[in-house]
Amino acid sequence: MQNSIRWTATFTNRAELPVRLATLSDDGIRVSVDGKWIINNWADSDSVLTENTAFQIEPGQTCEIVVEYYESAWQAKA
């Protein structure tokens, strides 16, 4: 049985440095920023760290973030 979540938020980087995004998940996860998928690890897995080092949110930048996750079996972790 698969369970899933979809989380959306508006994020403003209030730090003085750029922010990078990464995920740690057990099974599929993907992250979009302003409609562009920047992390896409949509596969069964076990505690996988996924990063996009080419993308960053600049200081003062506001964006829409969507996180989608599915759990295939066993322990859910996102």
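Look up: the structure comes first, before these words.
Residues numbered from 1 in each chain as written. Predicted model: local features only at pLDDT ≥ 70, side-chain atom pairs only at ≥ 80, totals over all residues. Heavy atoms only, no water.

**Student:** Explanation requested: the overall build of the protein in the structure shown.
**Tutor:** On a plain count of helices and strands, the protein comes out with 0 helices and 6 strands. Across its three principal axes, the protein shows a C-alpha extent of roughly 40 × 20 × 20 Å. The buried share among the 78 residues of the protein stands at 37%. Sequence-distant contacts, at least 24 apart, represent 69% of the contacts inside the protein between residues at least 6 apart. As displayed, the protein offers around 5,200 Å² of accessible surface, 51% of which is attributable to carbon and sulfur atoms. Put simply, the protein has 6 plus and 11 minus side-chain charges, and the middle of one group is 5 Å from the middle of the other. (Helix = DSSP H or I, 4+ residues; strand = E, 2+ residues; numbered from the N terminus. Buried < 20%, exposed > 50% of the residue type's maximum accessible area, 1.4 Å probe, protein only. Contact = heavy atoms within 4.5 Å. Areas by Shrake-Rupley, 256 points an atom, 1.4 Å probe, with all protein chains shown as cover. Lys, Arg positive; Asp, Glu negative; His and termini not counted. Charge placed at Lys NZ, Arg CZ, Asp CG, Glu CD.)

**Student:** Teacher, can you tell me more about the environment of Cys63 here?
**Tutor:** Examined against the element boundaries, Cys63 turns out to sit in strand S6 (residues 62-71). Expressed as a C-alpha distance, the spacing of Cys63 and Ala73, which sit 10 residues apart in the sequence, is 32 Å. Cys63 has contacts with Ala9, Thr10, Phe11, Val33, Asp34 and Ile57, leaving out every residue within four places of it along the chain.

**Student:** Any chance you could explain unusual backbone geometry here in plain terms?
**Tutor:** Trans is the common state for peptide bonds, and a negative phi is the common state for residues other than glycine. Despite not being glycine, Asp34 shows a phi value in the positive range, around 50°. With respect to the helices and strands, the residue Asp34 is situated in the loop between strand S3 (29-33) and strand S4 (36-41). Classification of Asp34 as partly exposed rests on a relative accessible area of 48%. One non-glycine residue, Ser47, lies in positive phi territory at about 55°.

**Student:** Would you explain the pattern of salt bridges in this entry?
**Tutor:** Where charged atoms from two side chains of opposite charge come close, those side chains can pair. A complete count under the given rule lists 2 salt bridges for this structure. A salt bridge links Glu68 to Arg6; the shortest N-O distance between them is 2.7 Å. One end of the pair, Glu68, is in strand S6; the other, Arg6, is in strand S1 (residues 3-12), with 62 residues separating them in the sequence. The closest approach of N and O atoms between Glu68 and Arg30, which form a salt bridge, is 2.7 Å. Residue Glu68 is found in strand S6, and its partner Arg30 is found in strand S3; the two are separated by 38 residues along the sequence. Overall, Glu68 belongs to the buried group, its relative accessible area being 11%. Overall, the relative accessible area of 21% leaves Arg30 in the partly exposed class. (Salt bridge = Lys/Arg side-chain N within 4 Å of Asp/Glu carboxyl O.)

**Student:** Just checking my understanding: could you explain the nonpolar core for this structure?
**Tutor:** Generally speaking, soluble globular proteins have nonpolar side chains that are buried together. Leu21, Ile29, Val31, Val33, Ile38, Ile39, Phe55, Ile57, Cys63, Ile65, Val67 and Tyr69 together form the largest nonpolar core, which totals 12 residues. When contributions to this core are tallied by element, the ones reaching two or more residues are S3, S4 and S6. For this core, the leading source of residues is S6, giving 4 residues. If sequence neighbours within four positions are ignored, Ile39 has contacts with Leu21, Ala22, Thr23, Ile29, Arg30, Val31, Thr50 and Asn52. (Core = buried A, V, L, I, M, F, W, Y, C linked by side-chain atoms within 4.5 Å.)

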